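# Understanding the architecture of this molecule
In case you want the letters, here they are:
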Amino acid sequence: MEDLKNMLMKILKRLSQGGMYSNRSMARELGIDESLLEQMISQLQNMGYIEKDNMNSCGSGCGGSCSKKSNCCGNNGIDINMWRITDKGKSVLIKL
């Protein structure tokens, strides 16, 4: 159980560092399976530590006019999900 908590905190810390990465590269960096990483990211979201900032919906979001437009909604054929650390997540990170 402690190992799970430690890995969740490692993922939260990594997400807080920002930057662009794929789930595959982050999983490799942390030494875990990509599907496990996806489950843990979902768990962090369910715990209220992170929130999804969906970049896949320019029609209802930026309209393709934002500074991140080169990374979102079909410009490169890849769906991009960005994560925002919530206040709850930030307070956990401060304690690490």
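Residues numbered from 1 in each chain as written. Predicted model: local features only at pLDDT ≥ 70, side-chain atom pairs only at ≥ 80, totals over all residues. Heavy atoms only, no water.

### Describing the overall build of the protein chain
Scanning the protein chain from N- to C-terminus turns up four helices and two strands. Secondary structure elements of the protein chain, listed N to C terminal, follow the sequence α-α-α-β-β-α. Every one of the 96 residues in the protein chain was classed for burial, and the buried ones make up 27%. Considering only residue pairs separated by 6 or more positions, the protein chain has 62% of its internal contacts joining residues 24 or more positions apart. Only carbon and sulfur atoms are counted for the fraction: they give 47% of the accessible area of the protein chain, which is about 6,400 Å². (Helix = DSSP H or I, 4+ residues; strand = E, 2+ residues; numbered from the N terminus. Buried < 20%, exposed > 50% of the residue type's maximum accessible area, 1.4 Å probe, protein only. Contact = heavy atoms within 4.5 Å. Areas by Shrake-Rupley, 256 points an atom, 1.4 Å probe, with all protein chains shown as cover.)

### A closer look at the pattern of salt bridges
Oppositely charged side chains can form a pair if their charged atoms are brought close together. Per the counting criterion, the structure on display carries three salt bridges. Between R14 and E29 there is a salt bridge; the shortest N-O distance is 3.2 Å. In this pair, R14 sits in helix 1 (residues 2-16) while E29 sits in helix 2 (residues 23-30), placing the two residues 15 residues apart along the sequence. Between E51 and R84 there is a salt bridge whose closest N-O contact spans 2.3 Å. You can see E51 sitting in strand 1 (residues 50-54) and its partner R84 sitting in strand 2 (residues 81-85), a full 33 residues away along the chain. Under the relative-accessibility criterion, R84 is labelled partly exposed at 40%. (Salt bridge = Lys/Arg side-chain N within 4 Å of Asp/Glu carboxyl O.)

### Focus: the nonpolar core
Among the nonpolar cores identified, the biggest contains 19 residues, and I11, L12, I32, L37 and L44 are the most heavily contacted of them. When contributions to this core are tallied by element, the ones reaching two or more residues are helix 1, helix 2, helix 3 (34-46) and helix 4 (87-95). Of all the elements, helix 1 adds the most residues to this core, at six residues. Leave out the neighbours within four places in its chain, and L37 touches I11, N23, M26, A27, L30 and I32. (Core = buried A, V, L, I, M, F, W, Y, C linked by side-chain atoms within 4.5 Å.)

### Notes on the confidence of the model for the protein chain
Scored by pLDDT, the protein chain comes out at a mean of 81, with 72% of its residues at no less than 70. Mean pLDDT in the protein chain bottoms out at strand 1, which sits at 83, and peaks at helix 3, which reaches 95. (pLDDT = per-residue confidence, 0-100.)

### Focus: helix 3
Since there are 3.6 residues in each turn of an α-helix, residues three or four apart along the chain are aligned in direction. End to end, helix 3 covers 18 Å across 13 residues, agreeing with the expected 18 Å (1.5 Å per residue, within 8%). The set of residues buried in helix 3 consists of L37, M40, I41 and L44. The arc that holds the buried residues of helix 3, viewed along the axis, is 105°, so those residues lie on one side. Away from the buried face of helix 3 by more than 90 degrees, exposed residues Q39 and N46 are located. Looking one or two residues beyond helix 3, the residue adopting positive phi is G48, at roughly 85°. (Expected span 1.5 Å × (residues − 1). Arc of directions from axis to C-beta.)

### Overview of helix 1
When the terminal C-alpha atoms of helix 1 are compared, their 21 Å separation across 15 residues agrees well with the 21 Å that a helix rising 1.5 Å per residue should span. Taken together, the buried positions of helix 1 are occupied by M7, L8, M9, I11, L12, R14 and L15.

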